[in-house]
Each structure stands twice: as C-alpha cells, then as structure tokens.
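The residues making up each chain are set out below.
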Amino acid sequence: MNRWQRAVVGVLLLLEMGVMVQPALRAGLLEVAPANRVIGPHQGMLLASCTILLVTAGTGLVTMLVRPYSRTWVATFAGSHAAAAGLGWAHGLPLLTLISALAAAVVPALVLLPRQPPQ
C-alpha cells in the first residue's frame, strides 16, 4: 500500500470505529437501566455485532500502522464484516447491514490495489 491508500484506509477505519462505538456507549454509559430490565434481541444483536466490528477495525488499524505491508488482516476484516452484514439483514438492522457491507467491499479493495510503480 502506498501512502494515500494507507491514509484513506486509516480514515475509513477510524470513521467506522466512531460509528460502531455509539451503541456500546449508549448501552453502557447513557442508559443506566434497572437490573430487572431485559435487553431486547435487536439491541443485543446490534451491541454484539458492533463490538465485534469495533475490535476487528481496531485490530486492522493497528496492524496497518505497525506493519504497513501486511495484508493478512484483510481476510479477518472482510469475513467479520460479511457476517455482520448477514446478521444485520436477518435481524432487520439496515444501518448495520449498510456499514458492514460497505466496509467489507471498500477497505479490502483499497488495501489490495496494486502499488503504482515509480515513474
């Protein structure tokens, strides 16, 4: 990956992490609920999927920064995002489906673009 590809992928991963941290913050910090309140299946699925995507995006970002020529993290990234897109589709969560599907398509495409030879 050249410098502009790393910059675009880094911004996309940070943007995704910013979006995916919202449900976790909402569930953990803002909504202090009584102990007997049950979380519904959609909220639980959204929280679990966003947590997995947050960890996967963070791991990809750290790997990209520490080892810029490594591309092994892309398989895990694409697989987890494809799974989250399927879960979002099955449970009727369109925003999760959209973000997961876009990230699963755009980030690996940018990472796997061939390097341009110097002129």
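Residues take numbers from 1 onward in each chain, read along the sequence in its written order. The model is predicted, so local features are restricted to residues of pLDDT at least 70 and side-chain atom pairs to those at 80 or more, both for listing and for counting; the totals for chains, interfaces and linings are taken over all residues. Neither water nor hydrogens contribute to the side-chain values; these are computed over all heavy atoms in the structure.

**Student:** Would you mind going over the overall build of the protein with me for this structure?
**Tutor:** For helices the rule is a DSSP run of H or I covering at least 4 residues; for strands it is a run of E covering at least 2, with both sets numbered from the N terminus onward. Looking only at helices and strands, one finds 4 helices and 0 strands in the protein. Taking all 119 residues of the protein together, the buried fraction comes to 31%. Across the protein, every contact between residues at least 6 apart in sequence was considered, and the portion connecting residues at least 24 apart equals 77%. Here's how the labels work: a residue is buried when its accessible area is under 20% of the maximum for its type, exposed when over 50%, partly exposed in between, all with a 1.4 Å probe on protein chains only. A contact between two residues is defined here by any heavy atoms of the two lying within 4.5 Å.

**Student:** Which parts of the structure should I look at to understand helix α4 (residues 94–111)?
**Tutor:** Since the α-helix advances by 3.6 residues per turn, residues separated by three or four positions end up pointing in the same direction. Compared with an ideal rise of 1.5 Å per residue, which puts 18 residues at 26 Å, α4 spans 26 Å between its outermost C-alpha atoms and is within 8% of the ideal. All of the buried residues in α4 are Leu-96, Thr-97, Ile-99, Ser-100, Ala-103, Val-107, Pro-108, Leu-110 and Val-111. A helix is expected to reach a length of 1.5 Å times the quantity of its residues less one.

**Student:** Would you take a moment to explain the nonpolar core for this structure?
**Tutor:** The nonpolar side chains of a soluble globular protein tend to be buried with one another. Take the buried Ala, Val, Leu, Ile, Met, Phe, Trp, Tyr and Cys residues and link them wherever side-chain atoms come within 4.5 Å; each set so joined is a nonpolar core. Of all hydrophobic cores here, the largest spans 13 residues; its most connected members are Val-9, Leu-13, Met-64, Trp-73, Phe-77, Val-107 and Val-111. The set of elements that each furnish at least two residues to this core consists of α1 (3–30), α2 (41–66), α3 (73–90) and α4. Not counting residues up to four positions away in its chain, the partners in contact with Phe-77 are Leu-13, Glu-16, Thr-56, Ala-57, Ala-103, Val-107 and Pro-108. Membership of the second largest hydrophobic core comes to 7 residues, among which are Met-20, Leu-53, Leu-93 and Ile-99.

**Student:** Before we go on, may I ask you to explain the side chain of Ser-49 in this structure?
**Tutor:** Position of Ser-49 among the secondary structure elements: in helix α2. Apart from the residues lying within four places of it in its own chain, the contact partners of Ser-49 are Leu-87 and Leu-96.

**Student:** What should I look at first to understand the packing of α3 against α4 in this one?
**Tutor:** Two packed helices can be described by the angle between their axes and the distance between those axes. Between N-to-C directions, angles span 0 to 180 degrees; the directions come from axes that are lines fitted to C-alpha atoms, helices contributing only their stretch in contact. Interhelical geometry of α3 versus α4 gives an angle of 160° and a closest axis separation of 7 Å. One way to sum up the angle between α3 and α4 is to call them roughly antiparallel. Read as a crossing pair, α3 and α4 show a hand that is left-handed. Note on element contacts: α4 touches α3 through Leu-96, Thr-97, Ser-100, Ala-101, Ala-103, Ala-104, Val-107, Pro-108 and Val-111, opposite Trp-73, Val-74, Phe-77, Ala-78, His-81, Ala-82, Ala-84, Ala-85, Gly-88 and Trp-89. Working rule for angles: under 35 degrees goes down as roughly parallel, over 145 as roughly antiparallel, 65 to 115 as roughly perpendicular, anything else as oblique. If you view the pair so one helix is near and one far, a crossing is left-handed when the near helix is turned anticlockwise from the far one by less than a right angle, and right-handed when it is turned clockwise.

Honestly, that's just the spatial picture; any functional story needs more than this.
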